[in-house]
Each structure stands twice: as C-alpha cells, then as structure tokens.
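Observations on the three-dimensional arrangement
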Amino acid sequence: MKKVLIAEDSSVIQNLAKKILEFQNFEIHSVKNGQQVLDALEKEDFDIILLDINMPVMDGMECAKAVRSLKDEAKAKIPMIAITGNARNYSMEDFKEAGFDDMLAKPLNFDALVAQVKSLTE
C-alpha cells in the first residue's frame, strides 16, 4: 500500500483528501505544517507528499526546498504535489524550482488529485 503524506492546515480539505485517497487504497498520514512534514520524514518513508502552499510555521515552498535538500537521497526524491489556493501568486516554474512535480489548485478537483497521485506513485 502506497503511503501519502498530506500537509494541509485546513482540516476540511485534509479530511476530504484523506477519504478520497483511502478509497483508492492509499495509506494517509496528515500533518498541519511544513515542519511536521520534515519531522514525519525523519521517522518513516512515504511514496508521495501533498503540500499546501500556505501553512503556518513553514509553508509549502520552504518545505519543498527542505525536502529536496535532505541528506537521505531516496527521501530527497519523493514526488511532491503543491496544493494552492492562490495559483496566481506562483507559476508552474516557481513550483518546479522549489522541487514540486506537479500542482493542484483549490478548490480541489478530486479526480485530478487521484490521477496525479496515482501517476506519481506508480
């Protein structure tokens, strides 16, 4: 079973994404900010990370860069999807530069979410 780490400070979005991905047989772990993502990565392995861009403590852009610079090479290469409510603030180039493989705009299109997660974890 593939393991997905979702970092999202909105519990509504977190719960919806969790239900939808669990239905697709993914194991979901949820955290509230970028720092918690790094803490979780120290303890276990994940197949993909979904990162909200606007979070307290450490935002998604900062977190993505931190993941890409991890000493553990396997973990530094984990696929990451940016989740953003302000798609206009960043271009796909910005996301790629930060280390993201793809992005999803809010409100989330759950078909797109499932398709992207599957394509990046297969």
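Our structure's up above, just so we're on the same page.
Residues numbered from 1 in each chain as written. Predicted model: local features only at pLDDT ≥ 70, side-chain atom pairs only at ≥ 80, totals over all residues. Heavy atoms only, no water.

To continue, consider the packing of aromatic side chains. Aromatic ring pairs are defined here through the distance separating the ring centres and the angle between the ring planes. Scanning the model with the defined rule gives two aromatic pairs in all. Judged by centre distance (5.6 Å) and plane angle (50°), the rings of Tyr 90 and Phe 95 are tilted. Centroid distance Phe 95 to Phe 100: 5.9 Å. Interplanar angle 85°. Geometry classified as edge-to-face. Relative accessible area serves as the criterion here: at 1%, Phe 95 is assigned to the buried category. Overall, the relative accessible area of 2% leaves Phe 100 in the buried class. An aromatic cluster of three or more residues is present, and its members are Tyr 90, Phe 95 and Phe 100. Here the basic side chain of Lys 3 rests over the ring of Phe 46, its NZ or CZ set 5.3 Å away from the ring centre. (Phe/Tyr/Trp six-rings, centres within 6.5 Å; stacked < 30°, edge-to-face > 60°. Buried < 20%, exposed > 50% of the residue type's maximum accessible area, 1.4 Å probe, protein only. Lys NZ or Arg CZ within 6 Å of the ring centre and 35° of its normal.)

In short, the description is geometric, and any link to function would need to be established separately.
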